[in-house]
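Per-entry structural report
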Amino acid sequence: MATDQNVLKHIKDLSDEEHHLYEKGTLSDAEKDRLKAINVALDQYWDLLRQRRAKREFGQNPDEAEVRPPRIVENYEN
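Model, not experiment: these values are computed from the prediction.

Moving on, we come to the environment of Glu 74. Assignment of secondary structure puts Glu 74 in the segment after α3 (70-73). Between the alpha carbons of Glu 74 and His 20 there is a distance of 23 Å; along the sequence they are 54 residues apart. Those residues in contact with Glu 74 that lie beyond four places of it in its chain are Asn 39, Val 40 and Asp 43.

Below, the discussion takes up the pattern of salt bridges. Applying the stated rule across the entire model yields eight salt bridges. Among the salt bridges present, the one from Lys 12 reaches Asp 16, with a minimum N-O distance of 2.7 Å. A residue pair is termed a helical-turn pair when its members lie 3 or 4 positions apart in one helix, as Lys 12 and Asp 16 do in helix α1 (residues 4-24) at four residues. The class for Lys 12 is partly exposed, based on a relative accessible area of 49%. One salt bridge connects Arg 68 with Asp 47, and the closest N-O pair in it is separated by 2.8 Å. Residue Arg 68 is found in the loop between α2 (29-57) and α3, and its partner Asp 47 is found in helix α2; the two are separated by 21 residues along the sequence. Relative accessible area serves as the criterion here: at 2%, Asp 47 is assigned to the buried category.

Thresholds, definitions, all that
- Residues numbered from 1 in each chain as written.
- Predicted model: local features only at pLDDT ≥ 70, side-chain atom pairs only at ≥ 80, totals over all residues.
- Heavy atoms only, no water.
- Helix = DSSP H or I, 4+ residues; strand = E, 2+ residues; numbered from the N terminus.
- Contact = heavy atoms within 4.5 Å.
- Salt bridge = Lys/Arg side-chain N within 4 Å of Asp/Glu carboxyl O.
- Buried < 20%, exposed > 50% of the residue type's maximum accessible area, 1.4 Å probe, protein only.

Here it is, written out as structure tokens:
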């Protein structure tokens, strides 16, 4: 079961990896693919955290929040 702290830790770990890749400068194709995957995962986990907080705010069980597929979270407008 995910908790907000677990989700935030996962976001931090992904963000740290993303920054490490950006700091390298020139990336291999595999690293570019990994960076894309990290960005999708970050969107998914930020979305999960927002879902958990919204459910809690409205008296629902935050543990019912689920990671949504990339096709959903990637289509959000910023």
